[in-house]
Structure formats: C-alpha cells, structure tokens
Amino acid sequence: AQSVTQLGSHVSVSEGALVLLRCNYSSSVPPYLFWYVQYPNQGLQLLLKYTTGATLVKGINGFEAEFKKSETSFHLTKPSAHMSDAAEYFCAVRAETSYDKVIFGPGTSLSVIP
Amino acid sequence: DAMVIQNPRYQVTQFGKPVTLSCSQTLNHNVMYWYQQKSSQAPKLLFHYYDKDFNNEADTPDNFQSRRPNTSFCFLDIRSPGLGDAAMYLCATSDSGGAKTQYFGPGTRLLVL
C-alpha cells in the first residue's frame, strides 16, 4: 500500500539552528509531494509542493525541500529556525488511486528552543 | 480574502445526540473534503466530493454522513456521536487534479460528553 513515513515524531532544535524534517514516500506513479504545516488549533497550510521540473523547491517562511527520486525522499529544511516555526509538519504524496486525494505522513512536531 | 470557513469552531454534544458541522468556501473549488484528526495524528480522510459526486472512504463509519447542497457549502452529520468521535474535524477544498493544493479551514473541535 502507498505510504509516507516521517522519521522522528518529535524534533527539537535551537533557535537559529538548521531545521531538517525527514520524509520518505512510496508511489508507483510519478509522485506529487507536499509539505503542510499546522499550528495549534488551526487547519493545515501548504508550505511547498513538488510536481515536476526542478527538484529543489522553495516554499513560504524560508523553507525548502529537495525531491530525490533514487532515495524516494522529500526532506524539508530551513537554514535558521525561528520560534514561530514551532508547529506540526505533515508530508504528503498524491494518492495513486485518486488524484484528488493525498496520503499524509504521521507528522513531525517541531519544537524550537530559545 | 478567499477562504474556507468552518462553524462552529468548538462544538459540544452529548453521547448519541446528532450533530452537524458546517463548512463553506469562497474559493469556488469543485472538490471538498472532510477529515477527522485526533490528537497528535495525521488527518484521516472521511469522504470527499467532486462537484456533487460523493466519494466515501472504505473505513468511514456509517455514523458519518455528508451533504453538499451547492458548490459553496458542505455539511458533516454525525448521527449518533460516541466518545471516540471526539476530535478535530477539518474541511478542505481544492481544484481537481493531482497537483492542486488543498486549502483547509480552521477546524471544528468536537467534544462528546
């Protein structure tokens, strides 16, 4: 079955440090990949997405992600963490069975330590 | 601003008492989704509409129903809420097609007493 894994359910970084959130996926069709962020008691918001073309994708709030087909990965990075980055992050892949749906990973909770 | 609106933000109901959650959108998207999200978990798709075509997930309990009377509105009906149905319910919309972003509402947090 199609799946998304996110290594590390909780990640803590110091303010100003590099943020690295890991995502691996499975897909038998060319993947469309997404990262969403969720702040407490809010809905999800798109950070960035990969469809085709350039494998390094830039998103909002200084985040970027790189699609690596050989590794089936789509890791999310930010050079310098801010306190406001503390949130839940979800990686997702387009569903093979219905292109209107996505498969979400379990999420990674990011804490930023002052 | 174009957006997805969910009312109410918090809903308290009694065990077994029917409850309806509402969602509206000003984005004119043809796809609308209902997700259930429990604490520290990913959103779980309950069903989605492609225009008026209803698509139920295989593991969505019969206790959950939905209505979409027009493009802008969609409702989630829980016929007999149980304690296990306490969760955040998220509505989302998108254009059709695999690369389209889903736009989420702020969610309705349901408490079952």
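Residues numbered from 1 in each chain as written. Chains lettered and ligands numbered in written order. Predicted model: local features only at pLDDT ≥ 70, side-chain atom pairs only at ≥ 80, totals over all residues. Heavy atoms only, no water.

1. Things to note about the pattern of salt bridges
Residues and elements named next belong to chain A.
Item 1. Under the defined criterion, the tally for this structure stands at five salt bridges over all chains.
Item 2. Glutamate 64 is the partner of lysine 58 in a salt bridge, and the nearest nitrogen-oxygen pair spans 2.8 Å.
Item 3. A relative accessible area of 22% means that glutamate 64 is categorised as partly exposed.
Item 4. The residue aspartate 85 makes a salt bridge to lysine 78 at a minimum N-O spacing of 2.9 Å. (Salt bridge = Lys/Arg side-chain N within 4 Å of Asp/Glu carboxyl O. Buried < 20%, exposed > 50% of the residue type's maximum accessible area, 1.4 Å probe, protein only.)

2. Looking at the interface of chain A and chain B
Item 1. Facing the 21 residues of chain A at the interface are 27 residues of chain B.
Item 2. Of the roughly 1700 Å² buried at the junction of chain A and chain B (both faces included), carbon and sulfur atoms supply 51%.
Item 3. Our count for the contact surface shared by chain A and chain B stands at one salt bridge.
Item 4. Across the pair lysine 101 of chain A and glutamate 57 of chain B runs a salt bridge, and its minimum N-O distance is 2.8 Å.
Item 5. For the pair chain A and chain B, the interface holds seven residue pairs in polar contact (both at pLDDT 80 or more).
Item 6. Every element with two or more residues in the side of chain A that touches chain B is listed here: β5 (33-38), β6 (44-50), β10 (87-94) and β11 (102-104) of chain A.
Item 7. Of the residues belonging to the side of chain A that touches chain B, the class tally is ten nonpolar, seven polar and four charged. (Contact = heavy atoms within 4.5 Å. Buried area = accessible area lost by both parts, 1.4 Å probe. Polar contact = N/O pair within 3.5 Å; in protein donor to acceptor, adjacent residues only side chain to side chain. Helix = DSSP H or I, 4+ residues; strand = E, 2+ residues; numbered from the N terminus. Nonpolar A, V, L, I, M, F, W, Y, C, P; charged D, E, K, R; others polar.)

Scope: geometric values only; no functional claims are made or implied.
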